[in-house]
Every structure is written in C-alpha cells, then in structure tokens.
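Fold and geometry: a report
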Amino acid sequence: MTVYNRERFLDQLAGQLGRDRRTSAERPAYSVQPQERVFQGADQDQLLEKLKEQCKIIHTNCLVTTADELGETLRHVWDEDHIQNIVSAGGPRLEAYGLSDIYETMRQDGYHVHVWDEQEGRKNVTTAEKAGAGIVFSDVTLAESGTVTLFNDRWNGRSISLLPETFVAVIPKSTLVPRMTQAARIIHEQEKKGVPVSSCVSFITGPSNSADIEMNLIVGVHGPVKATYIVVDDM
Amino acid sequence: MSIKIGTKTYADRIQEGIDNTFMRHAVSSAQGRFRTGRLKAAEELGDWEDWRTLGEEIRTHTMENLDYYLYQLSEQVEKRGGTVFFAETAEEANTYVQKVAEEKQARKVVKSKSMVTEEIGLNEALEKSGCEVVESDLGEWILQLDEDPPSHIVTPALHKNKSQIRETFVKKKGYTKTDDPEELAAFAREQLRQDFLEADIGVTGCNFAVAESGTVTLVTNEGNARMVSTLPDTQIAVMGMERIVPTWEELEVLVSLLTRAAVGQKLTSYITSLTGTRLENEVDGPEDFHLVIVDNGRSKILGTEFQSALHCIRCAACINVCPVYRHVGGHSYNSIYPGPIGAVLTPLLDGYEDHKELPYASSLCAACTEACPVKIPLHEHLIRHREIIVEKEQKTTKAERLAMTGFAQWASTPAAYKLSTKMAGTVLKPWTKDGSIKNGPGPMKAWTAARDFPAPAKKSFRTWFDEREKRREKDDRL
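Calculation rules
- Residues numbered from 1 in each chain as written.
- Chains lettered and ligands numbered in written order.
- Predicted model: local features only at pLDDT ≥ 70, side-chain atom pairs only at ≥ 80, totals over all residues.
- Pairing = 2+ DSSP bridges.
- Helix = DSSP H or I, 4+ residues; strand = E, 2+ residues; numbered from the N terminus.
- Contact = placed C-beta atoms within 7 Å.
- Axes fitted to C-alpha atoms, helices over the stretch in contact; angles between N-to-C directions.
- Core = buried A, V, L, I, M, F, W, Y, C linked by C-beta atoms within 7 Å.
- Buried ≥ 20, exposed ≤ 12 C-beta atoms within 10 Å, placed from the backbone.
- Parallel < 35°, antiparallel > 145°, perpendicular 65-115°, else oblique.
- Left-handed = near helix turned anticlockwise from the far one by under 90°.
- Nonpolar A, V, L, I, M, F, W, Y, C, P; charged D, E, K, R; others polar.
- Domains from an automatic or database assignment.

Ordered by their spatial adjacency, seven strands build an open sheet running S1(A)-S1(B)-S10(B)-S7(B)-S4(B)-S2(B)-S3(B), and the pairing between neighbours is parallel. This sheet does not close on itself; its edge strands, each paired only once, are strand S1 (3-4) of chain A together with strand S3 (132-135) of chain B. Strand direction decides the pairing type here: strand S1 (residues 83-87) of chain B and strand S10 (residues 288-294) of chain B, joined by five bridges, are parallel. From the neighbouring strand, B:Phe85 faces S10(B), where its bridge partner is B:Val292. Helix H5 (residues 90-103) of chain B contacts S1, strand S2 (108-111), strand S4 (201-204), strand S7 (234-240) and S10 of chain B of the sheet and is inclined by roughly 170 degrees relative to S10(B).

Written out as structure tokens, the structure is:
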C-alpha cells in the first residue's frame, strides 16, 4: 500500500501544462446533458417493456413472474437445461424473496444448491466452477442496454455470475432505471457521502460473446454461454 | 513487442498489405459492419452530436487537470489497499511488474487484452523473469500462438481467417475439430479455463480509471477480463496515464460513447469496475492489487498542439472508416496503433524518425475526424505532422527536397515554365496512346503502375487563352 514516484511524475505533467501543480479541480458545468433525456419520465412498466425488447438483441431470455411463483420459474429454467448443480448469491434478499425455502425444497428433490458462504472461503469458487447455473440479484437494472448491475460483496462473489455456463439474474422490478446514467449517479452520490463503492461493480449485459473470428458473433466465450433474466414484480 | 512491430520498409509493408487479398476482403467487410453498427447505435441513441460534444468537453477538462486527477486516483487506490506505481518509461513499468512477479514467485500470468502492455512489451519482460504469460482474449490468444502482432485495436486478429486460426490451434494446441468459429471458441474456452484457475497473477489494462473512487474500469465482451480479476490472488492493472475520468458520472458517458463507437453495442457484455483489493469478508478477487500508471512519451504531448490526441478512448471508429486502412491493413502502419489515430499518435510517442511516412498514409478525407466520438481533429493533426516533417524535421528524402527546390525555381521563372508546358506533349509523345499515358517514364512510373495519366493537352492553357483573346478582339472589331 504505497504510491511510488508520484511527485516527480505529476510535477512533469504540470510543467508540460505550463503551470504549478493543482491540488483541486472543479468539474465544469458541461454545455449539454443528452444522457438525462433517454427514457425520461418512463414508469416501471414502460421500462420493463424496454428491457424486454433489448433482451431480444442481447440473446437473453427474459421472464416475468411474481414473488410467489419465483420458485417454479427457477425450477423451469434449470430443468430446461437439465441443470442439477446451482450456486446462488446469499444475503438478506434470499429471505426477502423466499428463496431459502425454495432452495430447501429443491435440495430435497435432488438438486445441489450451494449458497455462497464466506466461511467456506475459496471452496465457493470451486463449487461455482462446477455449477451449471449461477443465481444473482440485480442491484440496479438498466432498461436501455438490458444490463444487470451487481455490487459484488461478501454474499455475492464475483464467480457466481462468471463461472457457470448459465447466468440467471433475479431482477426486482423496482430496480429498473432508464440507463447507466442513474446507476453511475447512485455510486457517485454514495462516494460523495463517504460510502465507498463495492470492490467490484459488474455491469452484465447478457451472455459472454466475441467477434474475434472473422467478425462472426460467437455467443458464450469465457463467461456464461446462456443468460436468463427473471423479473419479479415487487411493487 | 514495443509500439513498433517490425523492421520492413513502408513501401514493402504497403505492398504486402495490398497483395493480401484475404486481409483486404476481411477488412472491408469488417469496416462495413462496424460502420453500420456505429451509425445505427448513434441514430438509436439520438442527439449524437450532443454526446460527442459532451465527450470532448469531458476529455478536455480531464487533460487540463490531469495532474490533479491522477493524484486523487492514486490516493483512493491506496486507501482501498492497492499499490500505485507511476512509471515514466516502459522500462520502469516492466521492471516494477517483474519485481512483483518475482516477489510472488509467480510462474503463470494470465492477461486480458491491453494495448498499453503491448506498447511497453510487458510479455517479453515477464517471460524473461521466467513467467509463462497467457493472453486470454480470443483474438490475442490466436495472435500469441501464432506470434503475430495485432492489426486492429478492437479486433486484433481481424487479418486472419478461420482456417488459418484452425491450423494454428492444430499445430500449437493439438486441436482436432473443424474451423467453425463456435467450435474454435469453445476450444479456447476449455483450454484457457485451466489457465485462469492456475494463474498466480492477472494482468489487465484499463479503459477508464475513476479518480473519485480509485476505480479501474474494463470494457469487454468475452468475460476473460473478469476471470483475470476474479481468480488470481494478485492483480496488476496497467494504464496509460490519460485513461482517466473525474467521477462515475463522466465514466458513464465515455463508456456509452466507447461501446457505440467501437462496436455499435449499447453496452458491452461486461463493464467491470474494480476498486482496490477484495474486502476482508470476500473470497474472490485479488488480495493484492497494483496499479501501474504509464507515461512512456505521453506527457510530451501534453500542453502541445497535439494534446487532443490524448483524448482518444481507443474505440477504433477512425480506423473503421479509413479508406487507406481499408486497402493496406493494420500491419502496414508498423505500429500497434494503426489507422488515423495510429498515424497521429505513433510519431508523437515514438518519434518521427521511424514513422515519418505515417502522416502520409491518409487521403485527408476527414472521415476519421467525423467518426471520432470525442471529436479529435485527426486529419488536421496529420496535416500538421506533414508540415513538421517537411519544415522542422527535414525528414523528406534528398530527391524530394531537390525536386521541390527545382520546382520552385522552374515555376518562378516564366520563360522556363512557358517552354516546358509547350514541350510537355512532345516530350511525352513516345509514351502517349489514345490521349493517355499507361506506362510513364522515370518519376511517373509509380503513378502509371496503378492508373493512367492523362496526356498533356496539345495546346497549353496560356496559348489557348491568347488565341481566344485575339479572336475576340478580332470579332469586336468587326
């Protein structure tokens, strides 16, 4: 935890800029703010429609369900791909959406459901690597791009949304916002208040892909090959 | 590798590019797709010109206060448990990374795509320290196996076709399946997964650092950058010193511009923002985080007329519209930064001596300037480079300087000018057929090798004009 060579380096920059070193900078009032106009005034239902439309473009299955039917929906998603091993994010939202009970029932039915547990350390990663599906909760959902924002933390390890072939995001409808502008603002406001940003913020838009071979779109490279969003009406 | 990728001459490189039919076909089809994607994304978003203006304002403000924002960034990274190393040169950066690798007794390093590490030649340095270095971006992995340099900054293996890629996989990795891109990619997934899990160190680049929170943001599609920053215990992020924004609010705008301008996506599959080390109760992500901030010639651009070249967000939109790149391909530029931005940036970073031809690899059509999402006046920079090369650097050939001196004398001597315009037709007659010259002599050869040159008119303009005036006087008198 050290900073090396800073003074020499920054003095050189200030010198090139023909002035003394600056110890503060005021962000200018930018002359235009087009980002504010995207889906301005849209309500949650309209944003959900936008999300559904975008999901078609990003090769992502978008399902809408209620909290009561979330268990059935999840089971349907797994069965469709014959997935037996599942790794899920934990934390307070597990209870809030009744997922603890759902997972318990599923375990009795022969599924292996692992809930991320910091006590188990790196074993979580090994389990995630073998799992067929990873389940996470979206913290902020961007309608325009079809993006799930994850503030990765002790309950939501980075591996869950990365290592299994199928990526499943549970999206509370209330988390829908127009675009990345609103998510960035939340983080910026928190920073200003002195609440530090999470060690990893993952903006995830559908499955992994590449166009590196002759510009052909290949869906599923290093990350998940398949993505499903389950929007839960929580409003 | 360094910024320069080979030793062949400019003329040889161009000829190779022009003769490579597959590459030219691949490039023109890719340019078409990229361009359509970008235009469609811009139209869908609306207010594109406002977005570009905002992008330019953000970049201008950030560069003008770069010392402050880099200070803030380093403070924040340190606060979040990271170590920051400011490197003035490529050597300093490499030595630092080697030192970390040695301390960790690292044997395997996995990398995600990063132009700046190509620029400083980090892979070679790490290999010298006894590390196995694995590039994990699909395109970069193909190039690494084939020991070939990148030809495009977004899709580095654009110049290769799938059967060439298959052959490389067969030869180097014992691949047995077809050249179907899906199968090739599935093979890469399977091969590289083990590397990710075994690696001691993950090396990433940085698309945008956020000063206010000490965050490094990576804009990717394949998921390899997430692997590299999730699985190894040590992460080293290397960034060019200009790749920074003040706050998350600016980050969001530049990311939106980058993904649209680069590939026409609203956002790429993964925008990953990493801040320092993993927290105490977290189990994945690095426990040791290093940020290396690289100057390597960039500060010399600051405060000069070329400062806006540092605004570049590496989207390659200028490359994707360039008619010259379309015909000669990325390797002709002999720089890891090809296309219009490469022609502007490479001489600034690496000097005119080895790159004096690059500013001429442009038709000055200004398509690049129009495509740039942060409004860098690329073609104007190219013109300025040419002026400097001719006037200050005297980097033109002796023959050209002699010819120009001769031209000046000739054109300012009315008698000589008159005589030669009168004689041109006669002198060139042996090479003239049906009003055009198909195989010209001496200096005309280069031109007529590719296209016809119109034969000089039988009468010079001045003779024709004199005769016309005489006729009119005569008519007036009648």
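With that settled, the discussion passes to the nonpolar core. Residue and element names in this part refer to chain B. Of all hydrophobic cores here, the largest spans 190 residues; its most connected members are Val109, Val238, Leu254, Val292, Ile293, Val294 and Cys318. Ranked by residue count, the leading element in this core is helix H12 (residues 248-263), at 10 residues. With near-sequence residues (within four places) excluded, Leu254 lies in contact with Gly55, Ile58, Phe208, Val245 and Ile313.

Further remarks concern unusual backbone geometry. Even without glycine at this site, A:Met215 takes up a positive phi of about 60 degrees. Of note, the phi angle at B:Leu364 is positive, near 55 degrees, even though the residue is not glycine. By secondary structure assignment, the location of B:Leu364 is in the loop between helix H15 (339-350) and helix H16 (367-371).

On to the packing of helix H3 (residues 48-64) of chain B against H12(B). When two helices pack together, their arrangement is given by the angle between their axes and by how far apart the axes lie. Residues and elements named next belong to chain B. Here H3 crosses H12 at 125 degrees, and the two axes come no closer than 10 Å. The angle between H3 and H12 falls in the class oblique. Once H3 is placed against H12, the crossing between them reads as left-handed. Across the interface between the two elements, Trp51, Leu54, Gly55 and Ile58 of H3 pack against Glu250, Val253, Leu254 and Leu257 of H12. Among the residues making up the contact of H3 with H12, the classes are represented as six nonpolar, one polar and one charged.

Here the focus is the sheet that holds strand S12 (residues 436-437) of chain B. All names here are of chain B. The strand order S11-S12-S13 describes an open sheet built from three strands, whose pairing is antiparallel. With partners counted over all chains shown, the strands left at the sheet margins are strand S11 (432-433) and strand S13 (453-454), one partner each. Relative to S12, S11 is paired through two bridges, and the arrangement is antiparallel. The residue bridging Lys433 from the neighbouring strand is Ser436, located in S12.

Here chain B is partitioned into domain 1 (65-294) and domain 2 (421-477). Computed from C-alpha atoms alone, the centre-to-centre distance between domain 1 of chain B and domain 2 of chain B is 60 Å.

Between chain B and chain A, the residue contacts involve 81 residues of the former and 71 residues of the latter. Per-element tally for the side of chain B that touches chain A: the top contributor is helix H4 (residues 66-79) of chain B, with eight residues. For the side of chain B that touches chain A, the residue count by class is 32 nonpolar, 29 polar and 20 charged. Sheet analysis places strand S10 (residues 200-204) of chain A next to strand S9 (residues 270-275) of chain B, joined by five bridges and oriented antiparallel. Bridging across to S9(B), A:Val201 finds its partner in B:Ser273.

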